[in-house]
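These are the residues of each chain, in order.
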Amino acid sequence: QLQLVESGGGLVQPGGSLRLSCAASGLTMDYYAIGWFRQAPGKEREGVSCISSSGGRTDYADSVKGRFTISRDNAKNTVYLQMNSLKPEDTAVYYCAAVLWGASPSTSLLGNEYDYWGQGTQVIVSS
């Protein structure tokens with residue numbers, strides 16, 4: 001069983017930065033593609049970014065391109081989401097999720113593709 005735990009959320013001013021971490025336990029995440037999703041109050045869940053199992057392929061929602069960067073360190077069993085130039089509309093609970101695609105370079109921003117989910121970490125962007 002794969003467990004995922006997000007951390008790094010908090011309160012930040014507009015224009016500031018945060019780095020979220022998604023740490024896996026129970027199993028190595030080497031063969032899992034990892035996605036970051038977010039959900040703001042009253043809104044549908046949105047795919048933010050994803051990274052293939054090897055880290056060789058990434059994808060981003062249009063709303064975060066140029067501001068967010070996803071990366072992974074399989075030796076540490078951790079995936080990161082570096083968030084720069086944060087805007088109030090980035091306020092949401094952020095979740096990481098995993099899907100076992102093995103060595104495939106596939107990525108997806110569709111939540112229904114993912115099988116394992118963390119409990120989320122709150123990000124608030126406000127002055």
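### Some points on the sheet that holds strand β3 (residues 18-25)
Now for step 1: Pairing is antiparallel across the open sheet formed by 4 strands, whose spatial order is β1-β3-β8-β7. Single-partner strands in this sheet number two, and they are β1 (3-7) and β7 (68-73). The sheet shows a mean angle of 15° between the axes of neighbouring strands, taken without regard to direction.
Now for step 2: For β7 and strand β8 (residues 78-83), the ladder comprises 6 bridges, and the chain directions are antiparallel. Bridge pairing links arginine 72 to valine 79 in β8.

### Quick notes on the state of the cysteines
Now for step 1: By the definition in use, this model includes 1 disulfide.
Now for step 2: Sulfur-sulfur distance for the disulfide between cysteine 22 and cysteine 96 comes to 2.1 Å. Where cysteine 22 bonds to cysteine 96 through sulfur, the torsion about that S-S bond is close to 70°, and the disulfide is right-handed. Within this pair, whereas cysteine 22 is found in strand β3, its partner cysteine 96 is found in strand β9 (residues 92-100), the two being separated by 74 residues in sequence.
Now for step 3: Residue cysteine 22 is classed as buried on the basis of its relative accessible area of 0%.
Now for step 4: Classification of cysteine 96 by relative accessible area gives buried; the value is 0%.
Now for step 5: The closest cysteine sulfur to the non-disulfide-bonded cysteine 50 is located on cysteine 96, 13 Å from its own sulfur.
Now for step 6: Cysteine 50 gets classed as buried once you look at its relative accessible area, which sits at 1%.

### Looking at the side chain of serine 108
Now for step 1: Checked against the element boundaries, serine 108 lands in the loop between β9 and β10 (116-117).
Now for step 2: Other than its neighbours up to four places away in sequence, serine 108 contacts Cys50, Trp101, Glu113 and Tyr114.

The rules we used
Residues numbered from 1 in each chain as written. Predicted model: local features only at pLDDT ≥ 70, side-chain atom pairs only at ≥ 80, totals over all residues. Heavy atoms only, no water. Pairing = 2+ DSSP bridges. Helix = DSSP H or I, 4+ residues; strand = E, 2+ residues; numbered from the N terminus. Axes fitted to C-alpha atoms, helices over the stretch in contact; angles between N-to-C directions. Disulfide = S-S within 2.5 Å. Buried < 20%, exposed > 50% of the residue type's maximum accessible area, 1.4 Å probe, protein only. Contact = heavy atoms within 4.5 Å.

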